[in-house]
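# Coordinate inspection notes
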Amino acid sequence: MLSAMDAAQALADLTEISSQVEHVAIVDRDGSLLATTVRDAPRATRLVAGITRLLEEADRVAQARGLPELTQLEASTLEGSVFAVRRAGRMIAATTRPDPTVGLVFYDLKHCLGSVEDTSAETTEQGAGKAPARRRRKADTSA
Amino acid sequence: MTAVVLVAGSLAGSVLYRRRVGRRLERVELYSDDGAMVSLPEGSEDLEQILAMTRDVLAL
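Now for a look at the structure at hand. In this text the structure is predicted, and so the values were computed from the model without any measurement. (Residues numbered from 1 in each chain as written. Chains lettered and ligands numbered in written order. Predicted model: local features only at pLDDT ≥ 70, side-chain atom pairs only at ≥ 80, totals over all residues.)

Time to look at the nonpolar core. The biggest cluster of nonpolar side chains holds 43 residues, and the ones touching the most others in it are Ile-51 and Ile-92 of chain A. When residues of this core are assigned to their parent elements, the largest contribution, 8 residues, is made by helix α2 (residues 41–64) of chain A. Filtering out sequence-adjacent residues up to four positions away, Ile-51 of chain A remains in contact with Ala-25, Val-82, Ala-84 and Ala-93 of chain A together with Val-57 of chain B. (Core = buried A, V, L, I, M, F, W, Y, C linked by C-beta atoms within 7 Å. Buried ≥ 20, exposed ≤ 12 C-beta atoms within 10 Å, placed from the backbone. Helix = DSSP H or I, 4+ residues; strand = E, 2+ residues; numbered from the N terminus. Contact = placed C-beta atoms within 7 Å.)

Before going further, it helps to spend a moment on the pairing of strand β3 (residues 70–76) of chain A. Most of β3 of chain A is tucked away, with 5 of its 7 residues classed as buried. Judged from the 6 bridges that link them, β3 of chain A and strand β1 (residues 27–32) of chain B form a sheet pairing that is antiparallel. Opposite Leu-70 of chain A, over in β1 of chain B, you have Ser-32 of chain B as the bridge partner. Strand direction decides the pairing type here: β3 of chain A and strand β4 (residues 81–87) of chain A, joined by 5 bridges, are antiparallel. Note on β4 of chain A: the bridge partner recorded for Gln-72 of chain A is Val-85 of chain A. Hairpin connection from β3 of chain A to β4 of chain A: 4 residues lie between these consecutive antiparallel strands, with Gly-80 of chain A at a positive phi of about 155°. (Pairing = 2+ DSSP bridges.)

Facing the 30 residues of chain A at the interface are 25 residues of chain B. Per-element tally for the side of chain A that touches chain B: the top contributor is α2 of chain A, with 11 residues.

Turning our eyes to something else, we now look at α2 of chain A. For an α-helix, the turn length of 3.6 residues means that residues three or four places apart are oriented alike. All names here are of chain A. With 24 residues, α2 extends 35 Å between its outermost C-alpha atoms, agreeing within 8% with the 34 Å of an ideal straight helix rising 1.5 Å per residue. Buried within α2 are the following residues: Leu-47, Val-48, Gly-50, Ile-51, Leu-54, Leu-55, Ala-58, Val-61 and Ala-62. Trailing α2 by a residue or two, Gly-66 shows a phi angle of about 85°, which is positive. (Expected span 1.5 Å × (residues − 1).)

Turning to helix α2 (residues 45–59) of chain B, a few remarks are in order. Compared with an ideal rise of 1.5 Å per residue, which puts 15 residues at 21 Å, α2 of chain B spans 21 Å between its outermost C-alpha atoms and is within 8% of the ideal. Buried within α2 of chain B are the following residues: Ile-50, Leu-51, Met-53, Thr-54, Val-57 and Leu-58 of chain B. Seen along its axis, α2 of chain B keeps its buried residues to an arc of 160°; they face one direction. Those residues of α2 of chain B that are exposed and aimed more than 90 degrees away from the buried face are Glu-45, Ala-52 and Ala-59 of chain B. If you follow the buried residues of α2 of chain B, they end up packed against α2, β3, β4 and β5 (90–96) of chain A together with β1 of chain B. (Arc of directions from axis to C-beta.)

With that settled, consider the environment of Arg-90 of chain A. Residue and element names in this part refer to chain A. By the secondary structure assignment, Arg-90 is in strand β5. Between the C-alpha atom of Arg-90 and that of Glu-74, which follows or precedes it by 16 residues, the distance is 17 Å. Apart from the residues within four sequence positions on either side, Arg-90 is in contact with Ile-26, Val-27, Asp-28, Arg-29, Leu-113 and Val-116.

This next bit is on the pairing of strand β1 (residues 21–27) of chain A. All names here are of chain A. The element β1 is extensively covered by neighbouring structure, given that 6 of its 7 residues are classed as buried. For β1 and β5, the ladder comprises 6 bridges, and the chain directions are antiparallel. Across the sheet, residue Val-21 finds its bridge partner in β5, namely Thr-96. Sheet analysis places β1 next to strand β2 (residues 33–36), joined by 3 bridges and oriented antiparallel. Residue pairing across strands places Ile-26 opposite Ala-35, the latter belonging to β2. Where β1 hands over to β2, the hairpin turn is made up of 5 residues, of which Gly-31 adopts a positive phi near 90°.

Purely geometric numbers; function is a separate question.
Shown next, in the form of structure tokens:
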């Protein structure tokens, strides 16, 4: 099972590398909030509720327009953008400043969600007595 | 007179440019896992509805 700390670490890594995202939230399969950059709890709850409503409407529109399954959303206004990525039941959503680099934001969100999934898989393997999957290390370029 | 026409033309051009850029910036794109993408057409009810919900989220 994934701990809230793992998701919080993934979010901390995301906000460190991505200067474009303002607020981020990761929601688990059961709809519970795993981690968010919003520190005020009621505000975080409102953020997740707003994103959930937005995705429900986007799901309806996607279905009506023949899209098989909605996995990513980009909604951009002059005030800023909302991005969402869904994978394996989990969802990560972010708000950004106006006119962000779309591909980069999606890449960062997918990477963050992927790292949460990796952590979850490692935890499961360790629980089952297996060695954790080996992580790729950055090559030493000092030579 | 020429100056007035030039200023008025510049203002009109600026307004048109901002409108065009603004329209391009306001968009909703939906993607599925197989790589398909739907971009909601300008002026559609679905686009306005989702943009309104997006503004609500951004205002939080």
